[in-house]
Amino acid sequence: MTKIISKAGSYNQKVVKCFKNPKNYGQIKNPDGVGEVGNPVCGDVMKLYIKVAKNKKGEEIVKDIKFETFGCVAAIATSSILTQIAKGKTLKEALKIDNKKIIKSLGGLPPIKVHCSVLAANALKKAIGDYYSRNDSKKNE
Ligand code: FES
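Hey, could you run me through the overall build of the chain in this one?
Across its full length, the chain carries five helices and five strands. The N-to-C order of helical and strand elements in the chain reads β-β-α-β-β-β-α-α-α-α. Radius of gyration (C-alpha) of the chain: 15 Å, near the 14 Å computed for a compact globule of 141 residues. Projected onto its principal axes, the C-alpha positions of the chain cover 50 × 30 × 25 Å. By residue count, 34% of the 141 residues in the chain fall in the buried class.

What's the story with the pairing of strand β5 (residues 60-70) in this structure? I'm lost.
Consecutive side chains along a regular strand alternate between the two faces of the sheet. Looking at chain direction, strand β4 (residues 45-54) and β5 are connected through 10 bridges and run antiparallel. Counterpart to K51 in the pairing with β5 is D64. With antiparallel pairing between neighbouring strands as the criterion, β4 and β5 make up a hairpin whose turn holds five residues, including G58 at a positive phi of roughly 85°.

I'm lost on the pairing of strand β3 (residues 33-38) in this one. Help?
A one-sided burial pattern is seen for β3, the buried positions being G33, G35 and V37 and the unburied ones V34, E36 and G38. Bridge count for β3 against β4 is six bridges, and the pairing is antiparallel. Note on β4: the bridge partner recorded for E36 is K47. Count of turn residues in the β3/β4 antiparallel hairpin: six residues, of which G43 carries a positive phi of about 85°.

Teacher, can you tell me more about the sheet that holds β5 here?
Strands belonging to one sheet form pairs held by backbone hydrogen bonds; the direction of such a pair is parallel or antiparallel. The strand order β3-β4-β5 describes an open sheet built from three strands, whose pairing is antiparallel. Every interior strand has two partners, whereas the edge strands, β3 and β5, have only one. The mean angle between the axes of side-by-side strands here comes to 20°, regardless of whether they run parallel or antiparallel. Lying over the sheet, helix α2 (residues 73-86) contacts β4 and β5, oriented at roughly 170° with respect to β5.

Which parts of the structure should I look at to understand α2?
Working note: α-helix, 3.6 residues per turn, so residues spaced by three or four point in the same direction. The end-to-end C-alpha distance of α2, which contains 14 residues, comes to 20 Å, matching closely the 20 Å that a straight helix rising 1.5 Å per residue would cover. Of all 14 residues in α2, 13 are buried; the element is thus mostly enclosed. Of the residues one or two after α2, G88 is the one with positive phi, at around 90°.

Rules of the game
Residues numbered from 1 in each chain as written. Predicted model: local features only at pLDDT ≥ 70, side-chain atom pairs only at ≥ 80, totals over all residues. Helix = DSSP H or I, 4+ residues; strand = E, 2+ residues; numbered from the N terminus. Rg over C-alpha atoms; globule rule 2.2 N^0.38 Å. Buried ≥ 20, exposed ≤ 12 C-beta atoms within 10 Å, placed from the backbone. Pairing = 2+ DSSP bridges. Axes fitted to C-alpha atoms, helices over the stretch in contact; angles between N-to-C directions. Contact = placed C-beta atoms within 7 Å. Expected span 1.5 Å × (residues − 1).

Structure below.
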């Protein structure tokens, strides 16, 4: 497999695989929540779309999730793995996904790329927050 070496150091094979063949890339039509985050220093932007449904227990779950990321190798790899971790989880479980979990699932990231994983975790929190605020405003209509 191709080894990608950046100024930040080398990426492991799992990161390269997620970057080259990202899962859940794209948009969701009529999403239930959207989270957009950016890092002004590197200029990378992530947009996450979620569709929410209820499981048999009546808990809200991430039924579908997609991302659009304009950024570095790590930004795309962390977005991809995040969608794979979050899909099917309850919203409460999904809110607990932090950047440490993302990094662990990727088998590590160069230290200078840790902020990319923080961006991904924040995008999910923002999308779920957007879902909750849309629902709150529906209740108040
Ligand atoms: S370099 Fe900023 S998100 Fe990757």
